[in-house]
Amino acid sequence: MIPRHGGASPPGRKLCISALALVVVLAALPFAADAEIPHENYDLASSDLDTVIALLNSSVRSSEEALRGFYSEDLEGATQYLDRVGAVLVPAESILSDIEDVVGSYEELNALLPPFVDLYGAMETFLGHETGLLDAVASIVSSSELENLTGEALVEALDAIEAFNSLIVQMNHTIDEMLVHAHAIDGLAFEDSTPFVPNDLVELIEQLRDKVDKMLTDVQEIIEGDIPWDGDISFIILWVSDTSVHLGESIVGGGYVFLSGAFAEGHAAEVDMDGDTLANVTTGSAGRFAFSYPVPIDETWLGAHTLTASAEAVNGTVASEPVAITISLIPTTLTLSADKALLGPDERVRLVAGLKDAEGSALPDFECSFVLDGEGETFVTDDDGSADWSWTGAELGFGSHMASASFDGMIPYAPSASGAVTIQVDIHTNITLTLFSDKLRPGYYIVGDGRLVSNDSDPMPSRQVSLYVDDEFIQYARTGADGSFAFSISTDNMTEGAHMLRASFDLREPIWRYSEAEEGFVILSKTYMDYPFFPWIPGWDVGFGDIPYLFFGENAYYTWLLVVLGVAVAVKAMQVRKARRKEAVDDGTSPEEEGMPEGILAEGLDMVEPDRAPEWLPTPNEKVVWHYNHMISFLRRRRRVGIEDNMTHWEVARLLQSLGYPENTTKNATILFEKAFYSGATMSEADVILMGSSAHMLKRVGGARPAG
């Protein structure tokens with residue numbers, strides 16, 4: 001069963017207005033500062049609304065220049081200014097769409113954009129009419145320059161006159177439309193001001209009317225006096241303003257009667273449709289006549305028809321060429337829009353339907369149908385031709401919902417249907433992603449963590465997060481009790497350069513919304529020492545017979561240099577070892593125990609990269625401390641880092657950073673150790689993985705300078 005909708009009384013609702021897609025998004029912009037939404041939300045949108053006002057004022061300036069182009073017959077310049085109008089209306093519509101939810105209760109602002117869009121459309125129509133009109137005038141003037149008008153030239157002249165008169169009527173009708181829209185712009189108010197006046201729109205449009213009337217007078221003089229019509233011929237020209245007419249509209253047209261070399265003034269003529277008399281007329285000055293016949297709202301008039309005009313002459317009846325017209329139902333447009341396509345259980349969605357005729361006028365009190373998820377109901381449009389419905393996500397239920405509306409048609413209006421609107425109801429989720437370091441050496445690990453939550457803060461435990469590198473699936477990570485997850489990814493098979501790590505919530509039930517997060521990282525280039533270091537020693541081709549050449553060949557000094565350096569290193573190592581033993585004897589300690597940090601001492605210190613902490617450690621806290629102590633021992637014994645017994649863990653971190661160890665990795669390891677050893681916080685197995693990965697990375701960094 002479809003939930004009851006708000007608005008007009010049952011059985012139905014009214015369909016909204018929207019002849020243009022640009023207008024639909026304006027269901028709410030603020031005109032009043034005392035609107036229903038909180039004042040701080042208005043402050044958020046006010047700068048955007050100021051931008052919209054500036055854009056619309058820019059469209060007024062460009063429209064004025066386009067109208068001046070129409071008047072001066074500079075159609076290329078007029079086209080350029082019209083393009084500017086369209087260019088500024090697009091971002092204005094986009095801004096209004098973006099802030100719709102913020103200022104949704106300022107309902108009066110839904111009238112802000114339509115007059116500008118409608119004026120823009122009418123001006124484009126006028127541009128097309130004027131282009132055709134100037135072509136027709138050029139053809140008529142060309143005919144006036146001939147010595148005698150016969151044959152094909154006569155046919156071209158008659159066609160040009162017919163087109164010219166038809167376009168004159170259409171241009172006057174378009175001018176009427178432009179005046180309506182210009183007055184609407186003058187009447188727009190915004191925060192008790194009228195930001196779009198003063199302007200010259202109305203004055204410039206009225207000048208176009210004067211220009212059209214003058215062109216009609218000038219061309220009639222050419223037709224009557226300047227064209228060298230054949231004095232022996234008689235003809236009738238018949239034209240209509242539009243060959244497509246709707247029920248309830250009028251067939252508007254006219255023509256000329258030319259008999260035996262002269263335009264017949266005060267002569268009777270008859271206009272027939274399909275052989276039946278449609279109108280009886282009498283010619284005026286220059287043999288011109290006009291007629292207007294209202295088409296009744298009668299479905300028997302629908303279809304194709306043929307019009308002809310005839311008049312009696314001395315030599316018999318003279319008839320015009322037939323003119324074909326089509327009478328059809330008035331087209332309608334039914335729209336259906338939703339203010340959001342994705343919502344959570346507590347969010348609300350509003351659907352608005354609108355029914356309009358071909359002129360964009362609202363159609364009230366018409367019965368239409370609304371269907372949601374296969375269940376239908378009828379509604380009746382209100383005074384604005386609209387209807388609306390509203391539900392929360394919980395009322396609709398989780399999953400995808402599809403809505404549509406249709407109008408079956410009613411004489412004189414044609415049927416129409418809206419497009420389908422899809423609404424998805426689910427629970428919002430969000431992934432955060434952090435890398436311990438975004439710069440890695442080949443062979444190191446991508447180490448980081450993240451968190452998956454719903455409703456912005458609710459942890460999502462026991463969920464799998466998919467990890468991708470450059471859109472290639474790598475592994476899954478499972479979230480803990482607080483929604484956090486950790487990962488360690490080998491870079492062994494990755495190329496040098498920039499890469500993208502993506503974490504996404506792929507494996508989810510329909511009630512959860514998809515989410516993802518991305519972080520970039522770079523694998524740095526390997527740097528090799530150049531020739532002549534081993535094994536790229538000159539003259540040695542890997543054969544055992546070439547070994548003596550290393551010591552006695554042309555480049556033997558390289559080998560002896562390495563030998564001397566090796567001896568010097570060995571001597572220095574012995575001196576250091578001897579000094580450490582002496583210090584140990586003085587302190588009464590074993591040199592193997594000297595310098596070991598307090599706490600849980602690591603086993604197997606000879607291991608450079610232990611896989612995991614010993615199983616006999618009962619808690620994650622002790623395992624984190626074990627990894628930290630093992631790392632400190634390794635750095636002191638193997639890397640010869642001068643870590644003193646009286647240093648705090650943060651002093652050790654600063655020392656490692658000063659020696660060039662990665663800053664982020666050092667901080668992460670120190671923070672984890674502090675939490676595990678000092679804070680009393682309960683650590684997780686994910687924390688153990690992160691600590692192990694950080695320690696592993698610091699032990700593999702070999703570029704720090706020796707202590708002392």
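Note: the structure precedes this text.
Per chain, the residues get numbers from 1 upward, laid out in the order the sequence is written. Local features in this predicted model are restricted to residues whose pLDDT is 70 or higher, and side-chain atom pairs enter the listing and the counts only when it is 80 or higher, whereas totals over whole chains, interfaces and linings include all residues. Hydrogen atoms and water are omitted, and side-chain values are computed over all heavy atoms in the structure.

**Quick word on the overall build of the protein**
Each helix and strand counted, the protein has 13 helices and 28 strands in total. Counting the 708 residues in the protein, one finds 44% classified as buried. Contact between two residues is taken to exist if any of their heavy atoms lie within 4.5 Å; hydrogens are not considered. Counting only contacts in the protein whose residues sit at least 6 apart along the sequence, the fraction spanning at least 24 positions is 68%. A 1.4 Å probe and the Shrake-Rupley method give the accessible areas. Residues count as covered only by the protein chains that appear here. Of the roughly 35400 Å² of accessible surface on the protein, a fraction of 52% belongs to carbon and sulfur atoms. Runs of E in the DSSP output that reach at least two residues are strands. Runs of H or I that reach at least four are helices, and both are numbered from the N terminus. Each residue's exposure class comes from its accessible area (1.4 Å probe, protein chains only) as a fraction of the maximum for that residue type: buried when under 20%, exposed when over 50%, partly exposed otherwise.

**Some thoughts on a negative patch on the surface**
Exposure above 30% relative accessible area and no salt bridge define the residues that can form patches, which grow by joining like charges within 9 Å and nonpolar side chains of Val, Leu, Ile, Met, Phe, Trp and Tyr within 5 Å. Counted as salt bridges are all cases of a side-chain nitrogen of Lys or Arg within 4 Å of a carboxyl oxygen of Asp or Glu. His residues and chain termini do not enter the charge count, which takes Lys and Arg as positive and Asp and Glu as negative. By convention, the charge on Lys lies at NZ, on Arg at CZ, on Asp at CG and on Glu at CD. On the surface, Glu152, Glu156, Asp159 and Glu321 cluster together into a patch of negative charge. Structurally, the position occupied by Glu156 is in helix 5 (residues 151-186). The exposure class of Glu156 is partly exposed, given its relative accessible area of 43%.

**Topic: the pairing of strand 11 (residues 332-338)**
Each regular strand carries side chains that alternate between the two faces of the sheet. The element strand 11 is extensively covered by neighbouring structure, given that 5 of its 7 residues are classed as buried. Strands pair, by our definition, only if DSSP identifies at least two bridges between them. Here strand 11 pairs with strand 13 (residues 348-357) via 7 bridges, running antiparallel. Counted as the bridge partner of Leu334 is Leu355 from strand 13.

**Digging into the pattern of salt bridges**
Applying the stated criterion to the full structure yields 14 salt bridges. A salt bridge links Asp426 to Arg513; its shortest N-O distance comes to 2.6 Å. Taken as a pair, Asp426 in the loop between strand 19 (421-425) and strand 20 (429-435) and Arg513 in the loop between strand 27 (497-504) and strand 28 (516-523) lie far apart in primary sequence, 87 residues in all. Across this residue pair, the class does not change: Asp426 and Arg513 are buried.

**Things to note about the nonpolar core**
Core analysis: the biggest nonpolar cluster contains 69 residues, and Met178 and Trp229 have the highest contact counts within it. Those elements that place two or more of their residues in this core are helix 2 (39-71), helix 3 (75-98), helix 4 (114-144), helix 5, helix 6 (201-226), strand 1 (235-240) and strand 3 (250-259). With 14 residues, the single largest contributor to this core is helix 5. Throughout, nonpolar core names a set of buried Ala, Val, Leu, Ile, Met, Phe, Trp, Tyr and Cys residues whose side chains join them through atoms within 4.5 Å. In terms of nonpolar packing, the next biggest core, distinct from the first, is built from 52 residues, Met460, Phe487, Met631 and Val688 among them.

**Some details on a nonpolar patch on the surface**
Together, Trp560, Val563, Val567 and Val571 line one region of the surface with nonpolar side chains, adding up to about 340 Å² of accessible area. With respect to the helices and strands, the residue Val563 is situated in helix 9 (residues 556-587).

**Concerning the sheet that holds strand 28**
Strand order in this open sheet of 5 strands is 21-28-27-24-25, and the pairing throughout is mixed. Taken across any chain shown, the strands that pair with only one partner, and hence form the sheet edges, are strand 21 (439-440) and strand 25 (472-478). Note that strand 24 (residues 464-469) and strand 25 share 6 bridges and pair antiparallel. Bridge pairing links Gln464 to Arg478 in strand 25.

**A closer look at the packing of helix 10 (residues 620-637) against helix 12 (residues 663-679)**
In contact at an axis separation of 9 Å, helix 10 and helix 12 are set at 135° when each is read in the N-to-C sense. Taken as axis vectors, helix 10 and helix 12 run oblique relative to one another. The hand of the helix 10/helix 12 crossing is left-handed. Side by side, helix 10 and helix 12 meet where Asn621, Val624, Val625, Tyr628 and Asn629 of the first sit next to Ala669, Thr670, Leu672, Phe673, Lys675, Ala676 and Phe677 of the second. All amino acids are sorted into three groups, where Ala, Val, Leu, Ile, Met, Phe, Trp, Tyr, Cys and Pro are nonpolar, Asp, Glu, Lys and Arg are charged, and the leftover types, Gly among them, are polar. Here the contact of helix 10 with helix 12 is composed, by residue class, of 8 nonpolar, 3 polar and 1 charged. Helix axes are fitted to C-alpha atoms over the stretch in contact, other axes to C-alpha atoms as well, and angles between N-to-C directions run from 0 to 180 degrees. Angular relationships are summarised with four words: roughly parallel below 35 degrees, roughly antiparallel beyond 145, roughly perpendicular across 65 to 115, and oblique for the angles in between. The crossing is said to be left-handed when, going from far helix to near helix, the turn is anticlockwise and less than a right angle, and right-handed when the turn is clockwise.

**Observations regarding helix 13 (residues 685-700)**
Helix length check: helix 13, at 16 residues, gives a terminal C-alpha distance of 23 Å against a target of 22 Å (1.5 Å per residue), a fit within 8%. For helix 13, the tally of buried residues reaches 12 of 16 residues, placing the bulk of the element in the interior. Here the expected span of a helix is defined as 1.5 Å times the quantity of residues minus one.

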